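The lines below spell out each chain.
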Amino acid sequence: MPMSAAELQEVEFEVSVLSPLSRVSHIHEIEIGTHGLLVNKNGSRGLLLPQVAAAYGWDRERFLQETCVKAGLMRDEWMNGAAIDCFSAIVFAEKQFHHSLAT
């Protein structure tokens, strides 16, 4: 259903500009709050942005599990031959923009 004009004032926009992907060889390379994840196995892919794990208070393993779920995979597929890539993001949020204009 399309958004109504009345709903527009309640919407906040955020844009994440992603860095190039980097293959993860060990999960300790993943930094919560800094890295986003892309999990890929048998043509199924799931991506979660860096801010997601930080917002939910996830550790590395939970972040990997939830990215697998996003891909439509079983939660532990990251341990069973899935390709794991990480990336960083520069986030532009409407709130940040309005805040910087007010100061």
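Everything in this summary refers to the structure shown in the same document. (Residues numbered from 1 in each chain as written. Predicted model: local features only at pLDDT ≥ 70, side-chain atom pairs only at ≥ 80, totals over all residues. Heavy atoms only, no water.)

**What to know about the environment of Pro-50**
- Looking at the secondary structure, you find Pro-50 in helix H2 (residues 50–56).
- You can call Pro-50 buried: its relative accessible area is 4%.
- Residue contacts for Pro-50: discarding those within four places in its chain leaves Gly-33, Thr-34, His-35, Gly-36, Phe-87, Ser-88 and Ala-89. (Helix = DSSP H or I, 4+ residues; strand = E, 2+ residues; numbered from the N terminus. Buried < 20%, exposed > 50% of the residue type's maximum accessible area, 1.4 Å probe, protein only. Contact = heavy atoms within 4.5 Å.)

**Observations regarding the pattern of salt bridges**
- Counted under the stated rule, the structure contains four salt bridges.
- In this structure, the salt-bridge partner of Glu-66 is Arg-75, at a minimum N-O distance of 3.0 Å.
- We classify Glu-66 as buried; its relative accessible area is 15%.
- A cluster of three or more residues bridged by salt bridges with shared partners is formed by Arg-62, Glu-66 and Arg-75. (Salt bridge = Lys/Arg side-chain N within 4 Å of Asp/Glu carboxyl O.)

**Things to note about unusual backbone geometry**
- For Asn-42, which is not a glycine, the phi torsion comes out positive at approximately 50°.
- Position of Asn-42 among the secondary structure elements: in the loop between strand E3 (36–41) and strand E4 (44–48).

**Concerning the environment of Ser-88**
- As for its placement among the helices and strands, Ser-88 is situated in the loop between strand E5 (83–87) and strand E6 (89–93).
- Judged by its relative accessible area of 31%, Ser-88 is partly exposed.
- With 54 residues separating them in the primary sequence, Ser-88 and Thr-34 have C-alpha atoms 5.9 Å apart.
- Setting aside anything within four residues of it in sequence, one finds Ser-88 in contact with Val-17, Leu-18, Ser-19, Thr-34 and Pro-50.

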